[in-house]
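What the coordinates show
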Amino acid sequence: MRKKIVAGNWKMNKSLPEALELVGAIKTLSYSNEVQLIVVPPFLYAKTLVDELSGTQVSVGVQNCAKQEKGAFTGEVSASMIQSVGVDYVIIGHSERRAYFSENNQDLALKVDLALANHLTPIYCCGEIIEERNSGNYFEVVKSQISEGIFHLSATQIQKCIIAYEPVWAIGTGVTATPEQAQEMHQFIRNLLKEKYGEADASSISILYGGSCNPQNAKELFALPDVDGGLIGGASLVAEDFIAIANSF
Ligand code: PGA
């Protein structure tokens, strides 16, 4: 059966002392061991947090990886480097990467391949911008993001992926998708998976919701049949809020 997952995307926030303080606080709080908790700090602190969290149930992810394997790519960090420091997850195709760093579905497909080749679990993000929602085009947009980014994978590979649906208009805005909007899109994504890989594989893949998810709305979202947890931005920067969300299943 698919896993319940709550991942905290810290984005470009926190100094090292603040990062240590946050994971220190997370470690003192209790949550169900049925939930896979993941913290996703900036690259610079990933190794330190892997050490800090060893022996706990909390895993560490990073927010991006290079689309190249290795070599002369100044400023980039490869999937194999990420794996070598004990990180388990990598967010691929977050809307901020797509919008501000011009990453397209083809780039992301390469990153997904490198992540899987290096035994990292990709958290593959998709989601429409407000204009696409308003024009009614949002299913088509998400379908392209999914089919071009991950549908080249084999059934065995796709089962190692996590998908995050994050409507861009809900990210950092305080406007959350309604339960109806979230369920409708999650079900649509699961149906795409079903058509491509069959019922059994489609129902074993976790699909997370992201976009202004907080301790007040998480319960309602996580109760939806096709929502398996959350990719949390702002609320993951406060230990009590992050754990309250993890306790919302
Ligand atoms: P938010 O961000 O929770 O701050 O809206 C979610 C995300 O970007 O993953």
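Scroll up to find the structure.
First, a word on what this report is: a plain description of the structure on this page. Worth saying up front: this structure is predicted, and the values here are computed from it rather than measured.

**Considering the overall build of the protein chain**
- Along the backbone of the protein chain there are 12 helices and eight strands.
- Taking 18 Å as the expected radius of gyration for a compact globule of 249 residues, we find that the protein chain reaches 17 Å, a close match to that expectation.
- For the C-alpha atoms alone, the extent of the protein chain along its principal axes is close to 45 × 45 × 35 Å.
- Considering the protein chain as a whole, with its 249 residues, one finds that 53% of them fall into the buried category.
- Across the protein chain, every contact between residues at least 6 apart in sequence was considered, and the portion connecting residues at least 24 apart equals 71%.
- When the accessible surface of the protein chain is summed, it comes to about 11000 Å², and 51% of that surface belongs to carbon and sulfur atoms.
- Considering the protein chain, the positive charge centre built from 19 side chains and the negative charge centre built from 28 side chains are found 4 Å apart.

**As for the side chain of D201**
- Here D201 shows up in helix α10 (residues 199-204).
- The contact partners of D201, leaving out residues within four places of it in the chain, are A155 and Q159.

**Concerning the site of the ligand**
- Around the ligand sit 13 residues in total, of which K11, H94, E166, G172 and S212 are the nearest.
- Between the ligand and the protein, one listed contact pairs an oxygen atom with a side-chain N or O atom of H94 at 2.7 Å.
- Take E166: an N or O atom from its side chain is 2.6 Å from an oxygen atom of the ligand.
- Here the ligand, which alone exposes 280 Å², has 94% of that area covered by the protein.
- Residue classes in the shell around the ligand are distributed as four nonpolar, seven polar and two charged.

**Topic: the packing of helix α1 (residues 16-28) against helix α2 (residues 43-52)**
- At their nearest, the axes of α1 and α2 sit 11 Å apart, and the two run at 30° to each other. Between α1 and α2, the angle is such that the two are roughly parallel. Like other packed secondary-structure pairs, α1 and α2 cross with a definite hand, here right-handed. In this structure, α1 uses L16, A19, L20, V23 and K27 to contact α2, whose residues at the interface are Y45, T48, L49 and E52.
- When grouped by side-chain class, the residues that make up the contact of α1 with α2 number six nonpolar, one polar and two charged.

**Topic: the pattern of salt bridges**
- Following the criterion strictly, the structure yields 13 salt bridges and no others.
- Put simply, E34 and K4 hold a salt bridge, and the shortest N to O gap is 3.3 Å. Here E34 is found in the loop between α1 and β2 (35-40), whereas its partner K4 is found in strand β1 (residues 4-9), with 30 residues between them in sequence.
- A relative accessible area of 55% places E34 in the exposed class.
- For K4, a relative accessible area of 31% gives the class partly exposed.
- One salt bridge in this structure joins K27 and E52, with 3.9 Å as the shortest N-O distance. Placement of the pair is K27 in helix α1 and E52 in helix α2, with a sequence separation of 25 residues.
- The exposure class assigned to K27 is partly exposed, which follows from its relative accessible area of 38%.

**Re the nonpolar core**
- Residues I189 and L193 are the most contacted members of the largest nonpolar core, which totals 69 residues.
- Every residue in contact with L193, bar those within four places of it in the chain, is listed here: F151, I158, I163, G198, A202, I205 and I207.
- Ranked by size, the runner-up nonpolar core spans 12 residues in total, among them A7, I123, C125 and L231.

What counts, and at which threshold
- Residues numbered from 1 in each chain as written.
- Predicted model: local features only at pLDDT ≥ 70, side-chain atom pairs only at ≥ 80, totals over all residues.
- Heavy atoms only, no water.
- Helix = DSSP H or I, 4+ residues; strand = E, 2+ residues; numbered from the N terminus.
- Rg over C-alpha atoms; globule rule 2.2 N^0.38 Å.
- Buried < 20%, exposed > 50% of the residue type's maximum accessible area, 1.4 Å probe, protein only.
- Contact = heavy atoms within 4.5 Å.
- Areas by Shrake-Rupley, 256 points an atom, 1.4 Å probe, with all protein chains shown as cover.
- Lys, Arg positive; Asp, Glu negative; His and termini not counted.
- Charge placed at Lys NZ, Arg CZ, Asp CG, Glu CD.
- Near = heavy atom within 4 Å.
- Polar contact = N/O pair within 3.5 Å; in protein donor to acceptor, adjacent residues only side chain to side chain.
- Nonpolar A, V, L, I, M, F, W, Y, C, P; charged D, E, K, R; others polar.
- Axes fitted to C-alpha atoms, helices over the stretch in contact; angles between N-to-C directions.
- Parallel < 35°, antiparallel > 145°, perpendicular 65-115°, else oblique.
- Left-handed = near helix turned anticlockwise from the far one by under 90°.
- Salt bridge = Lys/Arg side-chain N within 4 Å of Asp/Glu carboxyl O.
- Core = buried A, V, L, I, M, F, W, Y, C linked by side-chain atoms within 4.5 Å.

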